[in-house]
Amino acid sequence: MEGESMEISIKEIAQMLGGKLEGGNKDMKIHRLEKIEEAQAGSIAFLSNLKYEPYLYTTKASAVIVSNDLELEKPVKTVLIRVENPYGAFADLLSAYDQLTQVKKNGIEQPSFQHDSASIPSDIYLGAFSYIGENVVIGEGSLIYPHVTIEAGVEIGKNTIIFSGVKVYKDCKIGSNCIIHSGVVVGSDGFGFAPQEDGSYKKIPQTGNVILEDDVELGANTTIDRATMGSTILRRGVKIDNLVQIAHNVDIGEHTVVAAQAGISGSAKIGKYCQIAGQVGITGHLSIADHTIIGPQSGVPKSITTPGKVWTGTPIMEHRDFLKSSILLRNLPHLAERLREVEKKL
Amino acid sequence: MEGESMEISIKEIAQMLGGKLEGGNKDMKIHRLEKIEEAQAGSIAFLSNLKYEPYLYTTKASAVIVSNDLELEKPVKTVLIRVENPYGAFADLLSAYDQLTQVKKNGIEQPSFQHDSASIPSDIYLGAFSYIGENVVIGEGSLIYPHVTIEAGVEIGKNTIIFSGVKVYKDCKIGSNCIIHSGVVVGSDGFGFAPQEDGSYKKIPQTGNVILEDDVELGANTTIDRATMGSTILRRGVKIDNLVQIAHNVDIGEHTVVAAQAGISGSAKIGKYCQIAGQVGITGHLSIADHTIIGPQSGVPKSITTPGKVWTGTPIMEHRDFLKSSILLRNLPHLAERLREVEKKL
Amino acid sequence: MEGESMEISIKEIAQMLGGKLEGGNKDMKIHRLEKIEEAQAGSIAFLSNLKYEPYLYTTKASAVIVSNDLELEKPVKTVLIRVENPYGAFADLLSAYDQLTQVKKNGIEQPSFQHDSASIPSDIYLGAFSYIGENVVIGEGSLIYPHVTIEAGVEIGKNTIIFSGVKVYKDCKIGSNCIIHSGVVVGSDGFGFAPQEDGSYKKIPQTGNVILEDDVELGANTTIDRATMGSTILRRGVKIDNLVQIAHNVDIGEHTVVAAQAGISGSAKIGKYCQIAGQVGITGHLSIADHTIIGPQSGVPKSITTPGKVWTGTPIMEHRDFLKSSILLRNLPHLAERLREVEKKL
């Protein structure tokens, strides 16, 4: 980030965010956004996770965005900007900064490959060594980085960003305002084989596709398999982290988030607004209710029908039961000892 | 799949599959293959997993392939085609449909890179930006998609499909009729380091290679490390899902299947006809007997010597013991309560 | 490895390694390095893991490198070379062999893409279809394989090897003597979203970068996310296996090793000289003390403050407690039975 800079006063930032100022020199200029534990003079930071509160009293940041509700334990040297949602406000500030400092890529770099039948708008970036196949349609304002393969029949919406090395198999559909990170594979064959009498396997052709609706983000090296028939669907606003596996015919509801290295097996139907933590495994052919939260490394062997609950463990239990069981498991040696005592007495 | 179509009567399909017809209009034309829960008039579906049986009585499919053994609970409106193995029969039908509608790629797209010393047959597809190194040998009928790197000394058999962005390191051998999905890495260095006295590590050169025998399929972004010495081997008919890690010097027996995100550590020897579920972890330097089945997310710390058993858990137990333990674990609070009662009485 | 060969006597090898010779014909010529269980006449092998000791008495290797401390259980037919550290000595031998047989790549293959502003030394290998962006700086002796994307502003040190298909996002810094395997993604966006009132998510721009210090090795298809602000840092000598996820703002201390498919969440700070096994999950915003060892598939929910301990399980316990709990867990049915007996008696 060297070389990039901004100059705006603390007061102006507070106005931008609709925040209330507290203490210090409001006319001081801000040049950088930094983390509260590393911030230097001339920078603005934020405090959302209260684990980091001790840094508020020692930070060198010229200003810190905090919650309206925060009660100070000690005096602070920095200017406070109080808002409803400090994380959200800081995100807005980062976005503004990002807009300011980012140069939008444009034009077609050579060598690149575009099939004659492809429909490519004038307002686009195509990186060198990008490959655009037969009958591909790309919307305005989209960015296709180097080494991307877009196979025949794929449709991509407007203002979608596809980073270098992404591979999209034939006939898949990607919405507008999506972000797909490097190494993602969209539309590879689902893992479907019919066992034969001699113990070998016969491949089931995977004739469907993948549909990513608008505002979907996929993390680096994530894989989304095409459907056997029909479509694997990630609905509007779904956010997927790195190295996640989404199998054939999975359907993920709107605004559900899936953290790194989780895996969702074939034909599972995940609700809206769910949160699936890292390294979770979900069995195939089941349903997960809306607003479900699943803790890290959990294993989900069957459907979750009641919405809005929190689950953990392998196999999953309700989170409070998991905590109880974990403590008892840790105390098993003590329990066994007590049983021995009882047996002795009898 | 729009635009692709077929037209064949239910009777003709039954003849193709050697199935028995039951009920309805056998001369009706079939245009599409669909899932039983989504099927519309003019389509054929199948019923294999009995979870989906309720759809049999409501489906709009014109015909459904079912098992000879299926006893109907209610009358159906659709024509039934009864066969021994509905999933297998439907797979055959899908294959026939796939053959009919797929155009086989052929020719060499430009720009691409072929070393002068490479042996490339005339009947081949090389996508744009594919890279074929020194002394590479490729068999007839193979398809190499865009952005594939084939390093020096690699040999590839006949009719093998290598999708875009696959990377094959030097000296590896790939059989005939293999399918390798996008983003797969074959032949990267095994993770071998000799600890030094100062706590740092010295790299152990990985001088071996990887051998994939015939009929192997590798899922998207899977990684197969080369051997330190000798070969990492995946034998005939092995099927590997997405994001799987196969470490150096692993040897996987014929017709074993490994589901997504499983990991097999160095020098492990896996038997034939095994089934390893998703997110399983297998320790290095052990052996797994033939026909072993390992459940999802399990951890395998030592060899399995008896063939044909089912294992689950971390560390693994025989599946029936795992089920018992899971129930008892869930009931631990109740067990602890009962122990407290007993203690009170004494 | 066919065609590559060496010819050196057992005596010369012993001198190279500073080892003591024992038994047999010391003038015999060695042509190959092989594994003890597969070795043939004319080859040298080593014995480090005592699991493999039985092979010492049956091996056809002409010489075997063993530990000074090894006490033979039976007579051996092979020549022994005794050293302090057989694995290390064999690694040295493999390195010498590797140096001898490897041809160092050099020059720029075409077509490739270099931005005019990029600084590229004369002593370099740039593979065909490599992409070097604006203001990129690459050090002498580095190797950039085909299909690598190096985005604007990236700096790469000397003698670093970047295998085919690696993607490095803008502004990241890679040290000298690093090895980055195929499919690695360095600098993709961290997974940061601010929840909105309607349940949707707003992207937090990820404006930081990734810093890899010297001597770092990254395994195939591993992903390292850029920091939200500041840097994600992998310090000197860190070794990462395949398919590992390192989230935004993680900081990994010198000479720590991380095995395949492990995941480290955002802002976690990992100490020096740690060993993190395969498929481990580490929660965000915590610290792990130096010299910590974490067993396979473990889940780490909170900080580890005492250095040098061994942990296993989900959630982690000290390893000896984990072993105790595992045995008790397996014996739960028996424990429940004993409790029933006690209840009957009362």
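In this text the structure is predicted, and so the values were computed from the model without any measurement. (Residues numbered from 1 in each chain as written. Chains lettered and ligands numbered in written order. Predicted model: local features only at pLDDT ≥ 70, side-chain atom pairs only at ≥ 80, totals over all residues. Heavy atoms only, no water.)

## A look at the relation of the copies chain C and chain B
Worth spelling out the cut-off: Least-squares superposition of the copies uses the C-alpha atoms of those residues scoring a pLDDT of at least 70 in each of them.
Rotating chain C by 120° and moving it 0.0 Å along the rotation axis overlays it on chain B with an RMSD of 0.0 Å. With respect to symmetry, the two chain copies, as superposed, fit the operation of a three-fold axis.

## Concerning the sheet that holds strand β38 (residues 310-312) of chain C
Residues and elements named next belong to chain C. Selection criterion: Pairing between two strands requires that DSSP report at least two bridges joining them. Here a strand is any run of E in DSSP of at least two residues, a helix any run of H or I of at least four, and the numbering for each starts at the N terminus.
Taken together, 12 strands build an open sheet; the order of strands is β8-β10-β13-β16-β19-β24-β27-β30-β33-β36-β38-β39 and the sheet is mixed. At either margin of the open sheet sits one strand with a lone partner, and together these are β8 (107-108) and β39 (317-318). Summarising the sheet, strand β33 (residues 275-276) and strand β36 (residues 293-294) pair through two bridges and their orientation is parallel. Within β36, the residue paired with I276 across the bridge is I294.

## Examining the interface of chain A and chain B
Rule in force here: Note on contacts: a residue pair qualifies if any of its non-hydrogen atoms lie within 4.5 Å across the two residues. Here's the idea: put two parts together, see how much 1.4 Å probe accessible area each one loses, and the total over both is what we call buried area. Whenever Lys or Arg places a side-chain nitrogen within 4 Å of a carboxyl oxygen from Asp or Glu, that contact is recorded as a salt bridge.
With 69 residues of chain A at the interface, the matching set in chain B holds 65 residues. Counting each side, the surface lost to burial between chain A and chain B is near 5,200 Å², with a carbon and sulfur contribution of 63%. The largest per-residue losses of area from chain A upon contact with chain B belong to A:F191, A:Y201 and A:M229, which jointly make up 14% of the total buried on that side. Our enumeration of links across chain A and chain B arrives at three salt bridges.

## What about the interface of chain C and chain B?
Put simply, the rule is: Counted as a polar contact is a pair of N or O atoms within 3.5 Å, where, for protein atoms, one must be capable of donating a hydrogen and the other of accepting one, and residues adjacent in sequence contribute only when both atoms are in side chains. Here the nonpolar group is Ala, Val, Leu, Ile, Met, Phe, Trp, Tyr, Cys and Pro; Asp, Glu, Lys and Arg are the charged ones; every other residue, Gly included, is treated as polar.
Facing the 67 residues of chain C at the interface are 70 residues of chain B. Of the roughly 5,200 Å² buried where chain C meets chain B, counting both sides, 63% is carbon and sulfur surface. B:K202 is paired through a salt bridge with C:D92; the nearest N and O atoms lie 2.5 Å apart. Here chain C and chain B share 25 residue pairs in polar contact (both at pLDDT 80 or more) between them. Breaking the side of chain C that touches chain B down by element, the ones donating at least two residues are α3 (86-101), β27 (239-240), β30 (257-258), α4 (319-330) and α5 (332-345) of chain C. When residues of the side of chain C that touches chain B are assigned to their parent elements, the largest contribution, nine residues, is made by α3(C). Counted by class, the side of chain C that touches chain B contains 34 nonpolar, 19 polar and 14 charged residues.

## Here's the deal with unusual backbone geometry
Most peptide bonds are trans, and most residues other than glycine sit at a negative phi. Between B:T314 and the following residue, B:P315, the backbone shows a cis peptide bond with an omega angle of -10°. Between C:Q110 and the following residue, C:P111, the backbone shows a cis peptide bond with an omega angle of 0°. Looking at the element boundaries, C:P111 is found in the loop between β8 and β9 (113-114). In this model, A:L243 sits at a positive phi of 55°, which is unusual for a non-glycine residue. For A:L243, the location among the structural elements is in the loop between β27 (239-240) and β28 (245-246).

## Regarding the domain arrangement of chain A
One widely used convention gives an interface's size as the accessible area the parts lose upon coming together. Put simply, the rule is: As used throughout, domain bounds are those supplied by an automatic or database domain assignment.
The assigned domain composition of chain A is domain 1 (8-101) and domain 2 (107-319). Inter-centroid distance (C-alpha atoms) of domain 1 of chain A to domain 2 of chain A is 37 Å.

## Some details on helix α3 (residues 86-101) of chain A
The condition is simple: A helix is expected to reach a length of 1.5 Å times the quantity of its residues less one. The classification of residues rests on relative accessible area computed with a 1.4 Å probe and restricted to protein chains. Under 20% of the type maximum is buried, over 50% is exposed, and intermediate values are partly exposed.
End to end, α3(A) covers 22 Å across 16 residues, agreeing with the expected 22 Å (1.5 Å per residue, within 8%). All of the buried residues in α3(A) are A:P86, A:G88, A:A89, A:F90, A:A91, A:L93, A:L94, A:S95, A:Y97 and A:D98.

## Looking at the state of the cysteines
All names here are of chain A. Note the cut-off: In this description, a disulfide is simply a cysteine sulfur pair whose atoms lie within 2.5 Å.
Tallying each qualifying case throughout the model produces zero disulfides over all chains. C178 takes part in no disulfide bond, and the closest cysteine sulfur, belonging to C172, lies 13 Å away. When its relative accessible area of 1% is taken as the criterion, C178 is described as buried.

## Section: the side chain of B:S130
Turning to its location among the elements, B:S130 is positioned in the loop between β10 (125-126) and β11 (131-132). B:S130 has contacts with B:S112, B:F113, B:I144, B:Y145, B:H147, B:V148 and C:F129, leaving out every residue within four places of it along the chain.

## Some points on the pattern of salt bridges
A full pass over the atoms with the stated rule returns 51 salt bridges over all chains. For A:D251, the salt bridge is made with A:K269, and the minimal N-O distance between the two is 3.6 Å. With A:D251 in strand β29 (residues 251-252) and A:K269 in strand β32 (residues 269-270), the pair connects residues that are 18 residues apart, well separated along the chain. The exposure class of A:K269 is partly exposed, given its relative accessible area of 44%. Put simply, B:K11 and B:D27 hold a salt bridge, and the shortest N to O gap is 3.3 Å. Of this pair, B:K11 sits in helix α1 (residues 10-17) while B:D27 sits in the loop between β2 (20-22) and β3 (29-30), and the two are 16 residues apart along the sequence. Judged by relative accessible area, which is 39%, B:K11 ranks as partly exposed.

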